Amino acid sequence: MISDLNRKLRSRWSDGDWLPICRTAPGKNLIALSFDDGPSPNTTPEILEILDRFNATAAFFLCGERAERYPKLVQDIAMNGHAIYSHGYRHKRMDELSPDDFMRDLARTEAILARARPAPSPYLVRLPYGSGHDSARVHAQLSAWRDDIQIAHWSHSFDDWTLADNCSTITALQTRCDSTVIAALEDPRFGGSILLLHEDAIGAEAPLSGAIAPIVLTSLLRGFARYGIKTTTIRPSTGRRTLSRFVRFTAVH
């Protein structure tokens, strides 16, 4: 047991070359919207229509397996001018993959996404379940794959995959989503957030879970209009990697 603890501590506190972690948008009246777990025929077309209607932009962190299954949706995201990044191939914890599987996952996912857009640089990746943000081994493996890679974290999450729990009607879901959005908009820390949303959350079991993303997004963008908030892209970090290990545990709200 002591040996396991030592290994965990070395993993978290190694003086390794920590990658930059993107945590905030560049201004208090700006929000960077990001969607994980897509694409999905249940949500992607409607999300794109809503973003277009409000003249808003978002970053999509796509699962390779779903992108491979729905290539037209990936093309639609790119054609609408939104950023596309990797969220792993099968949405498995990256810190539990073998080194070979880790590299194959990254390469396979990017090969699929590259059919719709050029590989971005700096290359942003969002690790499924946030797995490996505090692991020196994961940072080293990411760097070995691409030397311009950064981890795209988030600074505000609604835990939106839970919003449909115990909601039996769309009206009930709408009420819960609206109240959640209002609370966020009234939080003085909300401005400048990178906001984590999910298209069609992997593992969500509530019957209405597929309706969450369009409802939350519409409520958000209406609120942005009232509060004078604009959407923006996620800005890669320009900070030194050696400093990142000291800020990676910064509390999120």
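Everything below is about the structure shown above.
Residues numbered from 1 in each chain as written. Predicted model: local features only at pLDDT ≥ 70, side-chain atom pairs only at ≥ 80, totals over all residues. Heavy atoms only, no water.

**Q** Honestly, helix α4 (residues 71-79) in this entry has me stumped. Any pointers?
**A** Note that an α-helix has 3.6 residues per turn; residues three or four places apart therefore point the same way. Inspection of α4 places L73, V74 and I77 among the buried residues, and these make up the whole buried set. End-on, the buried residues of α4 take up no more than an arc of 100 degrees, which puts them together on one face. With respect to the buried face of α4, the exposed residues turned more than 90 degrees away are K72 and M79. Against the buried residues of α4 lie α2 (44-53), β3 (58-62), α3 (64-69) and β4 (83-86). Residue G81 follows α4 closely and has a positive phi angle near 85 degrees. (Buried < 20%, exposed > 50% of the residue type's maximum accessible area, 1.4 Å probe, protein only. Helix = DSSP H or I, 4+ residues; strand = E, 2+ residues; numbered from the N terminus. Arc of directions from axis to C-beta. Contact = heavy atoms within 4.5 Å.)

**Q** Hey, could you run me through the pattern of salt bridges in this one?
**A** Once their charged atoms are close, side chains differing in charge can pair, the charge on each being opposite to the other. Under the counting rule described, the total for this entry stands at 11 salt bridges. Of the charged contacts, one joins E49 and R53 as a salt bridge, the two residues approaching to 2.9 Å between their closest N and O atoms. Separated by 4 residues within a single helix, E49 and R53 lie in helix α2, roughly one turn from each other. By relative accessible area, which is 39% here, E49 ends up partly exposed. Taking relative accessible area as the criterion, R53 reaches 48% and is therefore assigned partly exposed. Residues D187 and R189 are paired through a salt bridge, measuring 3.1 Å at the closest nitrogen-oxygen approach. (Salt bridge = Lys/Arg side-chain N within 4 Å of Asp/Glu carboxyl O.)

**Q** Whenever I open this one, the side chain of Q141 confuses me. Can you help?
**A** Among the secondary structure elements, Q141 is positioned in helix α6 (residues 136-145). When residues no more than four places from it in sequence are discounted, the contact partners of Q141 are P99, F102 and M103.

**Q** Can you help me understand the packing of aromatic side chains in this one?
**A** In this description, a pair of aromatic rings is defined by centroid distance and the angle of the planes. Going through the model one piece at a time under the given rule, you end up with 3 aromatic pairs. Taken together, a centroid distance of 5.2 Å and an interplanar angle of 80 degrees make the contact between Y123 and W145 edge-to-face. Residue Y123 is found in strand β5 (residues 123-125), and its partner W145 is found in helix α6; the two are separated by 22 residues along the sequence. Geometry around Y89 places R108 over its ring, the cationic atom sitting 3.9 Å from the centre. (Phe/Tyr/Trp six-rings, centres within 6.5 Å; stacked < 30°, edge-to-face > 60°. Lys NZ or Arg CZ within 6 Å of the ring centre and 35° of its normal.)

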